[in-house]
Amino acid sequence: MTPVARKSKSRRKRNEAARADRYVLYEASVQEPEADIDLAEEIFEKHYGRKPTRLREDFCGTALLACEWVKRHAKNRAWAIDLDPEPLKWGHEHNVLKLSDDARARLELVEGNVMSSPTPPTEVICAFNFSYFLFRERRDLKAYFECARTGLEDEGLLILDAYGGADALRTLSETREMDGFDYVWDQHRYDPIQNRVVNYIHFEFEDGSKMKRAFRYEWRLWSLPELRDLLLESGFSKVDVYWEGVDEETEEGNGEYSLEEEALDDPAWVAYVVAYP
Ligand SMILES: C[S@@+](CC[C@H](N)C(=O)[O-])C[C@H]1O[C@@H](n2cnc3c(N)ncnc32)[C@H](O)[C@@H]1O
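Rules of the game
- Residues numbered from 1 in each chain as written.
- Predicted model: local features only at pLDDT ≥ 70, side-chain atom pairs only at ≥ 80, totals over all residues.
- Heavy atoms only, no water.
- pLDDT = per-residue confidence, 0-100.
- Contact = heavy atoms within 4.5 Å.
- Pairing = 2+ DSSP bridges.
- Helix = DSSP H or I, 4+ residues; strand = E, 2+ residues; numbered from the N terminus.
- Axes fitted to C-alpha atoms, helices over the stretch in contact; angles between N-to-C directions.
- Buried < 20%, exposed > 50% of the residue type's maximum accessible area, 1.4 Å probe, protein only.
- Patch = residues over 30% accessible without salt bridge, like charges linked within 9 Å, V, L, I, M, F, W, Y side chains within 5 Å.
- Areas by Shrake-Rupley, 256 points an atom, 1.4 Å probe, with all protein chains shown as cover.
- Salt bridge = Lys/Arg side-chain N within 4 Å of Asp/Glu carboxyl O.
- Lys, Arg positive; Asp, Glu negative; His and termini not counted.
- Charge placed at Lys NZ, Arg CZ, Asp CG, Glu CD.
- Near = heavy atom within 4 Å.
- Polar contact = N/O pair within 3.5 Å; in protein donor to acceptor, adjacent residues only side chain to side chain.
- Nonpolar A, V, L, I, M, F, W, Y, C, P; charged D, E, K, R; others polar.
- Domains from an automatic or database assignment.
- Buried area = accessible area lost by both parts, 1.4 Å probe.

A. A look at the confidence of the model for the chain. When pLDDT is averaged across the chain, the result is 94; 95% of the residues are at 70 or more. In the predicted structure, residues 1-12 sits below a pLDDT of 50 and forms one contact with residues beyond four places in sequence or in another chain.

Structure below.
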């Protein structure tokens, strides 16, 4: 290559998609660690009359939740587990290193399998953004729940999120406008025989560039009664469902979750499942 050609290539403006960091976009689009922790603390306190201090974040990805946990109170400690070194390294550089020295010393990132990583027992175990849906066989999900049960202190709770409703059981694509980009949730494949899905997250930018298939998920959609039965079979004594309230004006979910035994039909719900030892 001639020096002239090299110069013109280096000057070529890269598009927004090529410059973007998929983990920054992911965290901005789908994670709300403050709200998740508010809910976990509120439920724990309601049940046990005190605040929890020790949290394990399973399938932690970039460990944003665990970082928020150790920031929240000076006594809080957290263990964050993920198999994949890539999001852990990103989380270390972008989330853990932003913590104060004191908070950082109370957090441990663990590269390993949630089924076998030896962490001390905690009062709260979280598995968010539907990560446990990757267990597609009943025996595998049961083994994970048994493992989580063993990893909890006697006064503890396992908190999971789940989604469902008629819209979950079909292919569709939904775009949500974010600050500077669009988040696209692509339910690409749905198999009604096995209740399995293939979903993607894409990101699209104002200059027309796209980051296609930034994240891919192959999941089984577990129903709330299936989860409750399996959790009880796995050694938990009680399972509650926290259901989202509805904003009367917009008729959309209002982000407020309350303990419910029954709910009205909703084509696209997200709920929290809470299991007690
Ligand atoms: C959907 S991401 C969840 C990230 C984060 N928890 C959140 O709320 O957005 C799922 C993560 O689970 C990790 N993972 C999958 N199987 C795992 C296992 N058996 N043990 C630990 N981590 C696992 C993947 O590497 C991936 O980072």
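B. View of the sheet that holds strand E6 (residues 172-177). Taken in spatial order, the four strands make up an open sheet running E6-E7-E8-E9, and their pairing is antiparallel. Strand pairing shows two members of the sheet lacking a second neighbour, E6 and strand E9 (210-220), which therefore form its edges. With strand direction ignored, the average angle separating the axes of adjacent strands in the sheet is 20°. With eight bridges connecting them, strand E8 (residues 196-205) and E9 associate as antiparallel partners. Bridge pairing in E9 places Tyr 200 opposite Arg 216.

C. Representation of the side chain of Arg 56 in the model. Within the secondary structure layout, Arg 56 lies in strand E1 (residues 54-57). Since its relative accessible area comes to 4%, Arg 56 is described here as buried. If we ignore the near neighbours within four places in the chain, the residues touching Arg 56 are Trp 79, Ile 81, Val 114, Thr 119, Thr 122, Val 124, Ile 125, Cys 126, Ala 148 and Gly 151.

D. Layout of a positive patch on the surface. A surface patch of like charges, here positive, comprises Arg 189, Lys 210, Lys 212 and Arg 213. If you tally residues by element for the positive patch, the top one is E9, at three residues. By secondary structure assignment, the location of Arg 213 is in strand E9.

E. Quick peek at the environment of Ile 159. Along the chain, the position of Ile 159 falls in strand E5 (residues 152-164). For the pair Ile 159 and Gly 253, spaced 94 residues apart in sequence, the C-alpha separation works out to 20 Å. What Ile 159 contacts, discounting residues up to four positions off in sequence, is Leu 39, Ala 40, Ile 43, Val 124, Ile 125, Cys 126, Ala 127, Phe 128, Tyr 272, Val 273 and Val 274.

F. How the structure looks around the site of the ligand. Residues in contact with the ligand amount to 16 residues; listed here are only the nearest, Tyr 26, Phe 59, Asp 82, Val 114 and Asn 129. The backbone of Leu 83 places a nitrogen or oxygen atom 3.1 Å from a nitrogen atom of the ligand. Contact between the ligand and Asn 113: a nitrogen atom at 3.0 Å from a side-chain N or O atom of the residue. Of the residues belonging to the shell around the ligand, the class tally is eight nonpolar, six polar and two charged.

G. Spatial organisation of the domain arrangement of the chain. The assigned domain composition of the chain is domain 1 (22-163 + 222-276) and domain 2 (167-218). Contact between domain 1 and domain 2 buries roughly 1,300 Å² in total, counting both sides, with carbon and sulfur atoms accounting for 60%. At the junction of domain 1 with domain 2, the criterion picks out one salt bridge. For Arg 196, the salt bridge goes to Glu 137, with nearest N and O atoms at 3.3 Å. Our enumeration of links across domain 1 and domain 2 arrives at six residue pairs in polar contact (both at pLDDT 80 or more). Considering each element in turn, the side of domain 1 that touches domain 2 owes the most residues, seven residues, to helix H3 (residues 22-30). Residues of the side of domain 1 that touches domain 2, tallied by class, amount to 10 nonpolar, one polar and three charged.

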